[in-house]
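# Secondary and tertiary structure notes
One-letter residues, chain by chain:
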Amino acid sequence: MTVGPSLATFTVVKLVAGIDSSTQSTKVLLVNADDGTVVAQASAPHPDGTECPPDRWWEALTAAGRDLLERAEAVGVAAQQHGMVTVDDAGSVVRPAMLWNDVKSAPQAAELVAEFGGPSEWAARTGSVPTMSFTVTKLRWLAEREPEHAARVARVMLPHDWLTWRLAGGGPGQGLEPVTDRGDASGTGYFSPVDSRWLPDYASRALGHPVALPRVAAPAEVVGRTSWGAAISAGTGDNMGAALGMSLAEGDVAVSIGTSGTAYAVTSAMTADPSGLVSGFADATGRFLPLACTLNAARVLDVTARMLGVDAAGLSDLALKASPGADGLVFLPYLDGERTPNRPSANGVLRGLTTANATRENLARAAVEAVLCSLADAIDCLRPCGISPGRVVLTGGAAKSEAVRTIAPAVFGLPVVVPEAAEYVALGAARQAAWALAGTDSPPSWPARPSVTHEASAAPGVREQYRALRDDAAAWQEG
């Protein structure tokens, strides 16, 4: 009797998709569920601005996900926080979504803080003192400025809620209940992170009438199925997605330099900062994610590069040719108002310009140092919340700049770890999808990505001259 060749053994690879719907674009990653290896990826742009019709996000998701999404057994969405998506009784969008970077609800933020018991009460109940970024302030703006639209609002969602709802078959006339997660919900201003429940009275008082809110799912829950049968995870906000994608550990402070700048850490205990500088968010795993955010980050570098007639690499080269402190040239980078500190009406300031230091190199250096000093302030805001950073994990588009990577450890006074460039928000969404698919108690352990650690002697003089300008400017920049 002859025995034929043994049958080949095949390994079945499970694929999951992670979606990052940011201010500027939708990115889709197709990822190996077992080890986080990215198999394929694509992106599609969003319109620019501080408002966006949600259908534009869906069109971008459809374009970026073509040939990718239907290969996935599970899908997760992480998206920009704080955006206000309003729908009527039929599930139709009432008006374009107001995004996190829309600052026109600053007066309403101040009204609400005073009306609902002051900063300490807000921090104790919601973990945060709302600024103009928070959804609750946009609801009050809508009630005061567009009452005809406010009257039609039956339900409020966040960008990731709306996209998850659409993936599950939701839409006008479908009657499907939207779902959210505690991480993204914690950025609305009407959610209790410590109790993991909505505060519907905060939303209804802001809008002027009761409004339906999405069901809050558990971190690893399967909340629905796509049209091709893939499991849909709860999804989350972009910062929570990035923390999950980087496997952020306690003792790490993540600093992202993108459209906005953020400094945040994962903790097991809720924070409640009555100063309002730190938002006491929840994360995507059942823990907490205290976060300080700046409105002005990579765009400051983009604008400076344009002024100097160079690209990003050219700006970096110029900055590295200047001395620390830019020979006394100091830049306050609050070009579009600021959130940390809370100065919605602020603008940029250049101090110390002389005939001796008026060089392209010094201006480039001053811009890089300004962005990093602003983020160093954000890191310092986390310290009173019990966070003692041992290192900074640096991500975002501007982390590709050699000048940023070189100067950051001197400004922060900490080692700076730069992981390999990756779409960490989308990767976190994919990891959450893999978690939902596995049904385990904790997210899958994916191998750490390669990284480079940068160290440098602290440069306190750079921060001292920046601090002096920041504090002096408070006299003419409204709070």
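Figured I'd write up the structure that's included with this text. (Residues numbered from 1 in each chain as written. Predicted model: local features only at pLDDT ≥ 70, side-chain atom pairs only at ≥ 80, totals over all residues. Heavy atoms only, no water.)

Another aspect to go through is the packing of helix H11 (residues 312-320) against helix H13 (residues 402-412). Following both chains from N to C, one finds H11 and H13 inclined at 40 degrees, their axes separated by 8 Å at the closest point. Our classification of the angle between H11 and H13 gives oblique. For the pair formed by H11 and H13, the contact residues are Ser-316, Ala-319 and Leu-320 on the first element and Glu-402, Ala-403 and Thr-406 on the second. (Axes fitted to C-alpha atoms, helices over the stretch in contact; angles between N-to-C directions. Helix = DSSP H or I, 4+ residues; strand = E, 2+ residues; numbered from the N terminus. Parallel < 35°, antiparallel > 145°, perpendicular 65-115°, else oblique. Contact = heavy atoms within 4.5 Å.)

In the structure shown here, the tally under the stated rule is 26 salt bridges. Its salt-bridge partner being Arg-56, residue Glu-59 comes within 2.6 Å of it at the nearest N-O pair. Separated by three residues within a single helix, Glu-59 and Arg-56 lie in helix H1 (residues 54-65), roughly one turn from each other. Looking at Arg-56, the relative accessible area reads 29%, which means it is partly exposed. Between Glu-115 and Arg-140 there is a salt bridge, and its shortest N-O distance comes to 3.0 Å. Of the two residues, Glu-115 is situated in helix H2 (residues 106-115) and Arg-140 in helix H4 (residues 135-145); the sequence distance between them amounts to 25 residues. We classify Glu-115 as partly exposed; its relative accessible area is 39%. (Salt bridge = Lys/Arg side-chain N within 4 Å of Asp/Glu carboxyl O. Buried < 20%, exposed > 50% of the residue type's maximum accessible area, 1.4 Å probe, protein only.)

Right, let's get into the side chain of Thr-236. For Thr-236, the position within the fold is in strand E15 (residues 236-237). Setting aside residues up to four positions removed in sequence, Thr-236 forms contacts with Val-77, Ala-78, Ala-79, His-160, Asp-181, Gly-183, Asp-184, Gly-241, Ala-284 and Gln-432.

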